Amino acid sequence: MPCGSTKQQILLSYLLLHANRQVTVAELIEALWGVHPPVSAVKNIQLYVGRLRRTLRSTESEQRLHTVGKGYLLSAGPDEIDLEHCHRLIQRGTLAWRASERDDAARLFAEALSLWRGRPLSALMGTASMAAEIRCLEELRLMLHENYIEVLLEAGRHREVVSDLQRLVDAHPHHERLRFQLMLALARAGDRLTALAAYRDGYHLLAKDLGIEPCRALRELHDSILTDTVPPVLQQPEGRPRGAVSSPHREADLPSFPEHLRAVSVRP
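These numbers come from a predicted model, not from an experiment.

Student: I'd like a rundown of the overall build of the chain, residues and numbers included.
Tutor: Scanning the chain from N- to C-terminus turns up 11 helices and 3 strands. The buried share among the 268 residues of the chain stands at 44%. Residue pairs at least 24 apart in sequence account for 64% of intrachain contacts in the chain once pairs closer than 6 positions are excluded. Roughly 13,700 Å² of accessible area belongs to the chain as shown, and the carbon and sulfur atoms make up 52% of that amount.

The following block contains the structure:
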C-alpha cells in the first residue's frame, strides 16, 4: 500500500505499532516532530490522517482509521499485524519453556523469529522521531533470539547455534549474554581454544570501549574452561533442573520497552 511522504509513513507506522488503541494527537505530534513541532502540527496531522483514510478506503471494504476522542484508532485483526502474532508466539513459547517442553518452545520461538524480515521500519531508520520505537523493536528481536538460543543450549543442541552466535556476537560485541552463550556452546562442542579466544576478545573490547571488565558469570565461565574443570554449567543438560544454566545480564542491558511491548519480555 503506498503511504506517501516520510511523515505519512511515520504516522502509519506509529498507528500500526499501537493498533486497536487510541493514539492521541499529542502522541502523534511527538512521534512525527519530537519536542519541536511546527505551529501547524495539528492541521498537518489532520491532513495526513485524511490522506491515509482515502488510501485505506481505496484498498479496504471497511474503514479502519477512526476518530476516538482527541485522537485516532487504527483497527486490525489478530492475525493482520506480524508484531501481534510475534507476541502470541513468544507467550506460547515462554509457557512451553517454563514447562521444560524445550522442543515446543524452540519451534515457537523459531516461528516468531521468522516473522522478522530485515531491520524493523528500515525505511524510517534515519528519522529521529521513530528512533525509540525502532530501538525497542530491535531489542525485542534480539531478546527473542537470545532466548531461542538458550532453549537450544538447554536441549543440548549447542553445535546448531555456534555459527548463529558468532554472527550475533560480531554484531553486538558488548553484549555479555550473547558472548556467554557463545563460549558455552563452543566449550560444550569441545572447542575450548575458540571459547577462550571469545572471552579475550570480549575482555579487551569491554575494557577499551566501556572501561569495565567482564561480568562475574563470564569470568567464572572463562576460569572453568581454562582449568578444564567442567562444572555443571558446562555439562549436558539431561537430568538438570530447569534454569540451571543462567546467562549473565547487566541491569543496564535489559531493554526498557514501552507499554505495548513490555508484556513480551521472554525470560521465564
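Student: Before we move on, could you go through the packing of aromatic side chains and cite the residues and values that matter?
Tutor: Throughout the structure, instances matching the rule amount to 3 aromatic pairs. Arranged with centres 6.2 Å apart and planes meeting at 40°, the rings of Y199 and Y203 form a pair that is tilted. Here Y199 pairs with Y203, and both are found in helix α9 (residues 192-210), just 4 residues apart, close to one helical turn.

Student: Describe the nonpolar core, with residues and values.
Tutor: The nonpolar side chains of a soluble globular protein tend to be buried, and buried together. Core analysis: the biggest nonpolar cluster contains 48 residues, and C86, L144, V161, L165, M183 and I225 have the highest contact counts within it. Among the elements that take part in this core, helix α6 (residues 131-154) stands out by supplying 9 residues, more than any other. Counting residues in hydrophobic clusters, the runner-up holds 21 residues, among them V23, W33, Y72 and L74.

Student: Tell me what's going on with the confidence of the model for the chain, and back it up with residues and numbers.
Tutor: Confidence along the chain averages 80 in pLDDT terms, with 78% of residues attaining 70 or more. No element of the chain has a lower mean pLDDT than helix α11 (residues 259-262), at 34, and none a higher one than helix α5 (residues 102-114), at 95. Note that pLDDT drops below 50 for residues 235-268; the model gives that stretch 88 contacts with residues more than four away or on any other chain.

Student: How would you sum up the pattern of salt bridges? Please name residues and give values.
Tutor: Where side chains of opposite charge bring their charged atoms close, a pairing between them can arise. Per the stated rule, a full pass over the model turns up 12 salt bridges. A salt bridge links D82 to R117; the shortest N-O distance between them is 2.6 Å. Residue D82 is located in helix α4 (residues 82-98), and its partner R117 is located in the loop between α5 and α6; the two are separated by 35 residues in the primary sequence. Salt bridges here are not isolated pairs; linked through shared partners, they connect D103, R157 and E160.

Student: Any chance you could break down the pairing of strand β3 (residues 71-74) for me, citing the residues and the numbers?
Tutor: Burial of the side chains of β3 extends over both faces: G71 and L73 are buried on one face and Y72 and L74 on the other. In this sheet, β3 lies alongside strand β1 (residues 23-24) in antiparallel orientation, the contact comprising 2 bridges. Bridge assignment links T24 to a residue of β3, and that residue is G71. By the bridge criterion, 4 bridges tie strand β2 (residues 65-68) to β3 in an arrangement that is antiparallel. Bridged to V68 within β3 is G71. Remark: 2 residues form the turn of the hairpin made by β2 and β3, two consecutive strands paired antiparallel; G69 in that turn has positive phi of roughly 55°.

Student: How would you explain the side chain of R177 if you had to name every residue and give the values?
Tutor: Looking at the element boundaries, R177 is found in helix α8 (residues 176-188). Given the relative accessible area of 1%, R177 is considered buried. Within polar-contact distance, the side chain of R177 engages the side chain of N147 at 3.3 Å.

Procedures and definitions
Per chain, residues are indexed from 1 in the order of the written sequence. Per-residue local features of the predicted model are confined to residues with pLDDT of at least 70, and side-chain atom pairs are confined, for both listing and counting, to 80 or more; whole-chain, interface and lining totals are unaffected and use all residues. Side-chain measures were taken over the full set of non-hydrogen atoms in the model, leaving aside hydrogen atoms and water. A run of H or I in DSSP counts as a helix once it spans at least four residues, and a run of E counts as a strand once it spans at least two, with each numbered from the N terminus. Each residue gets one of three labels from its accessible area relative to the maximum for its type: buried under 20%, exposed over 50%, partly exposed in between, using a 1.4 Å probe on protein chains only. Throughout, a residue-residue contact means that at least one pair of heavy atoms, one from each residue, lies within 4.5 Å. Note on areas: Shrake-Rupley with a 1.4 Å probe; residue coverage comes only from the protein chains shown. Aromatic pairing here means that ring centres of Phe, Tyr or Trp (its six-membered ring) are within 6.5 Å. Orientation follows from the plane angle: under 30 degrees is stacked, over 60 is edge-to-face, and everything else is tilted. Throughout this description, the term nonpolar core refers to a set of buried Ala, Val, Leu, Ile, Met, Phe, Trp, Tyr and Cys residues connected via side-chain atoms within 4.5 Å. Confidence scores labelled pLDDT are given residue by residue by the predictor and lie between 0 and 100. In the sections that follow, a salt bridge refers to a side-chain nitrogen of Lys or Arg positioned within 4 Å of a carboxyl oxygen of Asp or Glu. Here, any two strands with at least 2 DSSP bridges between them count as paired. What qualifies as a polar contact is a pair of N or O atoms within 3.5 Å, subject to a donor-acceptor requirement within protein and to the restriction that residues adjacent in sequence count only when both atoms come from side chains.

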